[in-house]
Amino acid sequence: GYVDYSKRSENLCKVYIAARKALDDQPRDAEVPIRKLIILFLHCRQMTNVLDIQMLSLFSFLEVIDGSKRLNGNTLAPLFKIDIDMAKELVEVRNKVSHGVYSLSEAIEKFVNLDRDEYQRFTIHKDGKMTPTTAFMNFFHSRCNRVFLGMIEAQVDEARPYST
């Protein structure tokens, strides 16, 4: 479809301004320096060629945001504003990929219910079939974006402030 690049540029400017403000407002002795979180998040989002590494890196970002020693469904559900079962599916994918049990696409197919409405808005069809990894990662990116934008208090649409 048509991409409105002027809107994307406007959103990127808003994100940059909000990130700069968050950096400027951060106390020097903060326990989790926002500078490190902003750099971690943007680094994670720039990894475009290896989705499993990108997903694992974003989970590391979420673990720092959450502050728990181990992110699980109970902590991820409120962070992403999703139900506990969906949060557990996401964590299961992370665990299976990070421990080398499954590839990202295998873990998604085995543990994720892609019929959920949350994934359907990100479904991309190829030859009439849904691409599960794309739907999963686009959903995951949108929720990570929401967390990041909330952290820096940027007032932009969370679904697509960055290209995927």
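As shown above, the structure is provided for reference.
Residues numbered from 1 in each chain as written. Predicted model: local features only at pLDDT ≥ 70, side-chain atom pairs only at ≥ 80, totals over all residues. Heavy atoms only, no water.

Please clarify how the packing of aromatic side chains should be interpreted in this entry.
The geometry of an aromatic ring pair is captured by the separation of the ring centres together with the interplanar angle, meaning the angle of the planes. Within the structure shown, the criterion is met by 8 aromatic pairs. On the basis of an interplanar angle of 20° and a centroid distance of 6.2 Å, the ring pair of Tyr119 and Phe136 is categorised as stacked. Of this pair, Tyr119 sits in helix α7 (residues 117–120) while Phe136 is found in helix α8 (residues 132–152), placing the two residues 17 residues apart along the sequence. Given a relative accessible area of 0%, Phe136 falls into the buried group. By the ring-pair criterion, three or more aromatic residues cluster together here, those being Phe59, Phe80, Tyr119, Phe136, Phe139 and Phe140. In this structure, Lys110 is placed above the aromatic ring of Phe111, and the distance from its NZ or CZ to the ring centre is 5.9 Å. (Phe/Tyr/Trp six-rings, centres within 6.5 Å; stacked < 30°, edge-to-face > 60°. Helix = DSSP H or I, 4+ residues; strand = E, 2+ residues; numbered from the N terminus. Buried < 20%, exposed > 50% of the residue type's maximum accessible area, 1.4 Å probe, protein only. Lys NZ or Arg CZ within 6 Å of the ring centre and 35° of its normal.)

Looking at this structure, how should I read the packing of helix α3 (residues 51–66) against helix α4 (residues 73–80)?
For any two helices packed against each other, the geometry comes down to the angle between their axes and how far apart the axes lie. It is the contact of α3 with α4, at a shortest axis distance of 11 Å, that shows an interaxial angle of 90°. Comparing the axis directions of α3 and α4 gives the class roughly perpendicular. Contact residues: α3 offers Phe59, Leu62, Ile65 and Asp66, while α4 offers Thr75, Leu76, Leu79 and Phe80. (Axes fitted to C-alpha atoms, helices over the stretch in contact; angles between N-to-C directions. Parallel < 35°, antiparallel > 145°, perpendicular 65-115°, else oblique. Contact = heavy atoms within 4.5 Å.)

Would you mind going over the pattern of salt bridges with me for this structure?
A pair can form between side chains of opposite charge whenever their charged atoms are brought close. If you walk through the whole model with that rule in mind, you get 5 salt bridges. Put simply, Lys21 and Asp25 hold a salt bridge, and the shortest N to O gap is 2.5 Å. Of this pair, Lys21 and Asp25 are both found in helix α1 (residues 5–25), 4 residues apart, which corresponds to roughly one turn of the helix. The class of Lys21 is partly exposed, set by a relative accessible area of 49%. A single salt-bridge network, built from bridges that share partners, covers Asp83, Glu89 and Arg116. (Salt bridge = Lys/Arg side-chain N within 4 Å of Asp/Glu carboxyl O.)

Help me understand helix α5 (residues 84–98), please; the structure alone is not making it clear to me.
One turn of the α-helix equals 3.6 residues, which is why residues spaced by three or four share an orientation. Over its 15 residues, α5 runs 21 Å from end to end, which matches the ideal 21 Å to within 8%, given 1.5 Å per residue. Taken residue by residue, α5 has Met86, Ala87, Glu89, Leu90, Val91, Val93, Arg94, Asn95 and Val97 as its buried positions. Along its buried surface, α5 packs onto α3, α4, α6 (104–111), α7 and α8. The opening residue of α5, the one whose side-chain oxygen lies 3.0 Å from the backbone nitrogen of Asp85, is Asp83. Just past α5, the residue Gly100 takes up positive phi, approximately 75°. (Expected span 1.5 Å × (residues − 1). Polar contact = N/O pair within 3.5 Å; in protein donor to acceptor, adjacent residues only side chain to side chain.)

Quick question: what am I supposed to make of the nonpolar core here?
In this structure, Leu62, Phe136 and Ile152 are the most contacted members of the largest nonpolar core, which totals 44 residues. Breaking this core down by element, the ones donating at least two residues are α1, α2 (34–46), α3, α4, α5, α6 and α8. Considering each element in turn, this core owes the most residues, 10 residues, to α8. Residue contacts for Phe136: discarding those within four places in its chain leaves Met55, Leu90, Val93, Leu104, Ile108, Val112 and Tyr119. (Core = buried A, V, L, I, M, F, W, Y, C linked by side-chain atoms within 4.5 Å.)

Looking at this model, I keep getting lost on the side chain of Arg143. Mind explaining?
Along the polypeptide, Arg143 turns up in helix α8. No salt bridge is formed by the buried Arg143, whose closest oppositely charged neighbour, Glu118, lies at an N-O distance of 5.7 Å. Among residues more than four places away in sequence, those in contact with Arg143 are Phe80, Lys81, Ile82 and Glu118. (Lys, Arg positive; Asp, Glu negative; His and termini not counted.)

I would appreciate a short explanation of α4 in the present structure.
Within the sequence span of α4, burial applies to Gly73, Leu76, Ala77 and Phe80. Projected onto a plane normal to the axis of α4, the buried residues spread over an arc of 105° and lie on a single side. The outward face of α4, more than 90 degrees from its buried face, is lined by the exposed residues Asn74 and Pro78. Taken together, the buried residues of α4 touch α3, α5 and α8. The opening residue of α4 is Asn72, an N-cap whose side-chain oxygen sits 2.8 Å from the backbone nitrogen of Asn74. (Arc of directions from axis to C-beta.)

In short, geometric facts, not functional conclusions.
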